[in-house]
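# Geometric and topological summary
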Amino acid sequence: MILAHGIGGRLDLPVPVSYFVVGAAFVVVLSFVALAVLWPRPRLQSGPRLSGRAARIPLEGFLAVLGLMALLIVIGQLLPVVFGVNTDPTRPSIAPALVWIVMWLVVPFLAALIGDWYTFINPWRALARATGVGKTERPELLARAGVEPAVLLLIAFTWLELISPRSGDPVMLGVAALAYTVLLMVVMASFGRETGLAVFDFFTPYVRLISAISPLGRDRRGRVRWRGWLRSLPVIPEWPGLWIFVVVMIGTVSYDGASGAVWFRNLVGDFGEGLIGQTVLLFVSVAVIGSAYWLACLAAAMSSDANVSAGVVAQRFAHTLVPIALAYAFAHYFTLVIFEGQQLLAAISDPFALGWDLFGSASRRVDFFITAAEPIWYVQVGSIVVGHVLGVVLAHDRALFDFGGDAVRSQYAMLTLMVALTSLGLFILAG
Amino acid sequence: MVSGPDRIQVTQGDVVTFTVLSDIADHVHVHGYDLFFELVPSQTVEVSFEATAQGLFEVELESTHLLLLVIEVTS
């Protein structure tokens, strides 16, 4: 017997071995070329300089209402249960699409292009504003706890997605959304709106990190301006737990990809079929990525004359893994977004699976307009390679800044790690 | 308990046909294509559809989320 994933009707065909070999070879060559030709002085460490025309985009109120409506619809999945109304399980359900597609994938993917729009669409900020909760900030919590509480909640969330047998169940998602809302309202009331969200709402650092790739930023008056690709990543604050957060981003996607692969199933056998086994393997995946990163940081610290610990290096280089994390997620999930995302069009007509047809789209089916394997493989391998190159560039620049003359030597370990991560990413796609 | 093949391989454009015999009432859900076939206890039900899209598609019992098999559609 094999266990089902909760969401996602269609999975991509495994990438052929030849694509994997070519992609991996590319990455190794590009990395060594990079060492030779990249700039000898740090260029990205001073952060973004905004330029170009400033635009005010008057969508903030609209986005807040949109986010709040989505949250209320997900929690509203509990209403049919409360009132004892029967729902139709064969209707496309809106809650899994809103949570696992829109919130979890579309919001961060789009943020890599347009910047941190989650700030505006975040329903919990809107809720706190509307109710006047959390006006007094206690920023010392962010300095002390950092994103460590968010790490735990991020793992819990991915557990619900990847391992819980009820991940596609609207009622479970309603309960989870309600519990999360209560938790966030309590922490915002205790520590302030922005501090509570930064420390506990894992979507906040998640989208913040990915949005730092975006070439668009905002000036002090909130107007959108050009800042250039990747410019904000090197100046992301090093919150406590930052590097663990990034490792969890990569480790959980790795688990998802690997757990569907034949070699992985043969490796773990029956152990990988039980809930406990799967949970252990999720943590093992995160631990493997984390240990590899830690070792690379240790090697970089030891190879440098500067007296730094591996822990400091791990924090200093955490941002260099963000493009790789985004590439992993994009390669694995972009077809899920374009195909399963269409479920939303049907589900919006019948949000509570009661047989409604509000907008006449309830019987719409997913249009698999392109499923030919080759273009999908190109996008997958291409995004992993591009993520790798960006990671190498960021790490090179940070090494020049932190290690000066030892930069190239300190880079060997980090470069080896990135080649390994990229090959792993490709290998998993080749499942 | 499920018996039968874990995976069926077909070519895009093929018509996929298999039968399901269940001891409970439920729906067979062909993911992706999003097709539902009603199961009546102790009656053989034929599941049949044209494999128009490539990819891996899971087939499961809708209410218990029990995975029956995976259909691999290639070019």
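Residues numbered from 1 in each chain as written. Chains lettered and ligands numbered in written order. Predicted model: local features only at pLDDT ≥ 70, side-chain atom pairs only at ≥ 80, totals over all residues.

## Comments concerning the overall build of chain B
Scanning chain B from N- to C-terminus turns up zero helices and seven strands. Computed over C-alpha atoms, the radius of gyration of chain B comes to 12 Å, within 12% of the 11 Å expected from 2.2 N^0.38 for 75 residues, which places it in the range of a compact globule. Partitioning the contacts of chain B with sequence separation of at least 6, the portion at a separation of at least 24 is 52%. (Helix = DSSP H or I, 4+ residues; strand = E, 2+ residues; numbered from the N terminus. Rg over C-alpha atoms; globule rule 2.2 N^0.38 Å. Contact = placed C-beta atoms within 7 Å.)

## Some remarks on the overall build of chain A
For chain A, the helix and strand inventory stands at 19 helices and four strands. Scaling as 2.2 N^0.38, a compact globule of 431 residues should have a C-alpha radius of gyration of about 22 Å, and chain A matches this with 22 Å. Buried positions account for 47% of the 431 residues belonging to chain A. The contacts in chain A between residues at least 6 apart in sequence include a share of 82% that link residues at least 24 apart. (Buried ≥ 20, exposed ≤ 12 C-beta atoms within 10 Å, placed from the backbone.)

## Here's the deal with helix H1 (residues 17–37) of chain A
All names here are of chain A. With 21 residues, H1 should reach 30 Å at 1.5 Å per residue; the first-to-last C-alpha distance of 30 Å fits that figure. By the burial criterion, the buried members of H1 are Phe20, Gly23, Ala24, Val27 and Ser31. Buried residues of H1, seen end-on, are gathered within an arc of 95° and therefore sit on one face of the element. The exposed residues of H1 that point more than 90 degrees off its buried face are Ser18, Ala25, Val29, Phe32, Val33, Ala36 and Val37. Looking at the packing, one finds that the buried side of H1 touches helix H18 (373–403) and helix H19 (407–429). (Expected span 1.5 Å × (residues − 1). Arc of directions from axis to C-beta.)

## Some thoughts on the nonpolar core
Membership of the largest hydrophobic core comes to 118 residues, with the highest contact counts inside it found for A:Phe245, A:Val246, A:Ile250, A:Val322 and A:Ala325. Of all hydrophobic cores here, the second largest spans 13 residues; its members include B:Val30, B:Phe57, B:Val59 and B:Val70. (Core = buried A, V, L, I, M, F, W, Y, C linked by C-beta atoms within 7 Å.)

## Thoughts on the environment of A:Glu140
Residue and element names in this part refer to chain A. Note that Glu140 resides in helix H7 (residues 140–145). The class of Glu140 is exposed, set by 10 C-beta atoms lying within 10 Å. Residues Glu140 and Ala126 lie 14 residues apart in sequence; the distance between their C-alpha atoms is 23 Å.

## Side note on the pairing of strand S6 (residues 55–61) of chain B
Of all the seven residues making up S6(B), six are buried; the element is thus mostly covered by neighbouring parts of the structure. Inspection of the sheet shows strand S1 (residues 10–11) of chain A paired to S6(B) by two bridges, in the antiparallel sense. Paired with A:Leu11 across the bridge in S6(B) is B:Leu56. Across three bridges, the pairing between strand S3 (residues 26–30) of chain B and S6(B) is antiparallel. Along S6(B), the bridge assignment pairs B:Val28 with B:Leu61. (Pairing = 2+ DSSP bridges.)

## Considerations on the interface of chain B and chain A
By a frequent convention, interface size equals the accessible area lost on bringing the separate parts together. If you look at the interface, chain B gives 21 residues, while chain A gives 18 residues. When contributions to the side of chain B that touches chain A are tallied by element, the ones reaching two or more residues are S6 and strand S7 (67–74) of chain B. For the side of chain B that touches chain A, the element with the most residues is S6(B), which contributes five residues. A per-class count over the side of chain B that touches chain A returns six nonpolar, 10 polar and five charged. (Nonpolar A, V, L, I, M, F, W, Y, C, P; charged D, E, K, R; others polar.)

## A word on the pairing of S3(B)
Consecutive side chains along a regular strand alternate between the two faces of the sheet. All names here are of chain B. Sheet analysis places S3 next to strand S4 (residues 35–39), joined by five bridges and oriented antiparallel. Looking at S4, one finds that His29 is bridged to Phe36. Here S3 folds back onto S4, and the loop between the two strands holds four residues, one of which, Gly32, carries a positive phi near 80°.

## Topic: the packing of helix H2 (residues 60–75) of chain A against helix H4 (residues 94–114) of chain A
Residues and elements named next belong to chain A. For the pair H2 and H4, the least separation of the axes is 9 Å and the interaxial angle reads 130°. In this view, H2 runs oblique relative to H4, as classed from their interaxial angle. In the crossing of H2 with H4, the sense of the turn from one axis to the other is left-handed. Where H2 approaches H4, its residues Ala70, Ile73 and Val74 are matched on the opposing element by Ile94, Ala95, Leu98 and Val99. Tallied by class, residues from the contact of H2 with H4 come to seven nonpolar, no polar and no charged. (Axes fitted to C-alpha atoms, helices over the stretch in contact; angles between N-to-C directions. Parallel < 35°, antiparallel > 145°, perpendicular 65-115°, else oblique. Left-handed = near helix turned anticlockwise from the far one by under 90°.)

## Some words on the environment of B:Val70
Residues and elements named next belong to chain B. Following the sequence through the fold, Val70 ends up in strand S7. When the 20 C-beta atoms within 10 Å are taken as the criterion, Val70 is described as buried. In this structure, the C-alpha to C-alpha distance between Val70 and Arg7, residues 63 residues apart in sequence, is 4.7 Å. In contact with Val70, not counting residues within four places along its chain, are Asp6, Arg7, Leu56, Phe57 and Glu58.

## Things to note about H19(A)
For H19(A), which comprises 23 residues, the first-to-last C-alpha distance of 32 Å matches the rise-based estimate of 33 Å (1.5 Å per residue) to within 8%. When the local axis directions of H19(A) are compared, the greatest deviation, roughly 30°, occurs at A:Ala413. (Bend = angle between axes of the 7 residues up to and from the residue.)

## Notes on the sheet that holds strand S2 (residues 51–55) of chain A
Residues and elements named next belong to chain A. Strand order in the open sheet formed by three strands is S2-S4-S3, and the pairing between neighbours is antiparallel. Pairing within the sheet leaves two strands with one partner each, and these edge strands are S2 and strand S3 (216–218). Going across the sheet, the axis of each strand differs from the next one's by a mean of 30°, ignoring polarity. Strand direction decides the pairing type here: S2 and strand S4 (residues 224–226), joined by two bridges, are antiparallel. Paired with Ala55 across the strands is Val224, a residue of S4.

## Focus on the confidence of the model for chain B
Model confidence for chain B is summarised by a mean pLDDT of 90, while 100% of its residues fall at 70 or above. Our summary of model confidence lists the complex with pTM equal to 0.92 and ipTM equal to 0.81. (pLDDT = per-residue confidence, 0-100.)

## Quick notes on unusual backbone geometry
Keep in mind that most residues, glycine aside, have a negative phi and that most peptide bonds are trans. With a phi angle near 55°, A:Ala353 is a residue other than glycine that sits in the positive phi range. Within the fold, A:Ala353 resides in the loop between helix H17 (343–347) and H18. A positive phi angle, near 55°, is found at B:Asp34, a position not held by glycine. With respect to the secondary-structure elements, B:Asp34 resides in the loop between S3 and S4. On the neighbour-count criterion, B:Asp34 (17 C-beta atoms within 10 Å) is partly exposed.

## Description of the confidence of the model for chain A
Low-confidence regions, as indicated by low pLDDT, have predicted coordinates that should not be scrutinised in detail. Averaged over every residue, the pLDDT of chain A is 91; residues scoring 70 or more account for 98%. When the criterion is pLDDT under 50, residues 1–6 of chain A qualifies, and its contacts beyond four places in sequence or with other chains add up to 15 contacts.

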